[in-house]
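Reading the structure
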Amino acid sequence: MKHDIFYTPREQYVGMPHATMCGDFMPYYWQKEFYLYFLKDECVYLTRTKDFVSFSEARMVIERGGDEDQEWNVGTGSVCRMGEKFYFYYTGFRNPNTISSERHAQVIMRAISKDLLNWEKDSSFFMVPDQEHCADVIDLTAKDLHNANFPGALVNRHRHGIGNVERRHQK
């Protein structure tokens, strides 16, 4: 089966077929199968494999939002399982034309699934970065985020890799 998802730079591979760019693979292993989530067209897609030779047809699992939504573009994330549910924590990038002091460039958002295939965005979860130290939200694992156990938060992440998560609820 031909998959047209893997990116090859035109300049580097002259004369070869070129697919749509995808990136930032986010693997998750569950019940003897690899779930390979990846970014494509500002959304999250999924392909699955048991042997890295045969892959399922790639499909969108988390769609980007509209021009006014926080997840105008969906960014890299991480999956974890807690109890009977799976949680996908991802970065929501706002349209640059809509950023303000109350409408952040990047936040951490969450989607929930029972089967790793069908994801529903969780509007009760929203982590806002600490604008004083770092407007970007980076390098937190899904377990870090889930173990914080709150619907909203302030992330204090310094550019030198030192950071913490403070518990805060959205107003």
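On a predicted model such as this, the values are computed, not experimentally measured, just so you know.

1. Comments concerning the overall build of the chain
- When helices and strands are tallied, the chain shows one helix and 11 strands.
- A burial count over the chain gives 43% of its 171 residues as buried.
- Contacts spanning at least 24 positions in sequence make up 37% of the contacts within the chain whose residues lie at least 6 apart.
- Roughly 10,200 Å² of accessible area belongs to the chain as shown, and the carbon and sulfur atoms make up 49% of that amount.

2. What to know about the confidence of the model for the chain
- Summarising the model, the chain shows a mean pLDDT of 76, and 62% of its residues fall at 70 or more.
- Here residues 149–171 is modelled with pLDDT under 50, and outside its nearest four sequence neighbours on either side it reaches 58 contacts, counting other chains as well.

3. Observations concerning the nonpolar core
- Counting 21 residues, the largest nonpolar core has Y37, V44, I62, F88, L116 and W119 as its most contacted members.
- Of all the secondary-structure elements, those providing two or more residues to this core are β1 (23–30), β2 (33–40), β3 (43–49), β4 (59–62), β5 (73–82), β6 (85–93), β7 (106–113) and β9 (126–129).
- Once residues within four sequence positions are removed from consideration, V44 is found in contact with M26, Y37, F38, L39, R59, M60, V61, I62, V74 and F88.
- Listed in part, the six residues of the second largest apolar core include C80, Y89, F125 and M127.

4. With respect to the side chain of S113
- Mapped onto the fold, S113 is located in strand β7.
- A relative accessible area of 2% means that S113 is categorised as buried.
- Within the structure, S113 has its side chain in polar contact with the backbone nitrogen of L116 (distance 2.8 Å).
- With near-sequence residues (within four places) excluded, S113 lies in contact with K85, F86, N118 and W119.

5. Overview of the environment of Y45
- Here Y45 lies in strand β3.
- For the pair formed by Y45 and E63, sequence separation is 18 residues and the distance between their alpha carbons is 8.6 Å.
- Every residue in contact with Y45, bar those within four places of it in the chain, is listed here: L36, Y37, F38, K40, R59, M60 and V61.

6. Some remarks on the pairing of β6
- Where burial is concerned, most of β6 is hidden: seven out of the nine residues are buried.
- Bridge count between β5 and β6: nine bridges; the pairing is antiparallel. Each bridged residue has a counterpart across the sheet, and for G77 the counterpart in β6 is Y90.
- A loop of two residues connects β5 with β6, the two strands running antiparallel in sequence, and G83 in this loop sits at a positive phi of about 65°.
- Bridge count between β6 and β7: eight bridges; the pairing is antiparallel. Across the sheet, F86 pairs through a bridge with S113, a residue of β7.

7. What to know about the side chain of D122
- By the secondary structure assignment, D122 is in the loop between β8 (120–121) and β9.
- Residue D122 is classed as buried on the basis of its relative accessible area, which comes to 14%.
- Looking at D122, its side chain comes within polar contact range of the side chain of R110, at 2.6 Å.
- A polar contact of 2.6 Å, which involves the side chain of D122, links it to the side chain of S124.

Rules behind the numbers
- Residues numbered from 1 in each chain as written.
- Predicted model: local features only at pLDDT ≥ 70, side-chain atom pairs only at ≥ 80, totals over all residues.
- Heavy atoms only, no water.
- Helix = DSSP H or I, 4+ residues; strand = E, 2+ residues; numbered from the N terminus.
- Buried < 20%, exposed > 50% of the residue type's maximum accessible area, 1.4 Å probe, protein only.
- Contact = heavy atoms within 4.5 Å.
- Areas by Shrake-Rupley, 256 points an atom, 1.4 Å probe, with all protein chains shown as cover.
- pLDDT = per-residue confidence, 0-100.
- Core = buried A, V, L, I, M, F, W, Y, C linked by side-chain atoms within 4.5 Å.
- Polar contact = N/O pair within 3.5 Å; in protein donor to acceptor, adjacent residues only side chain to side chain.
- Pairing = 2+ DSSP bridges.

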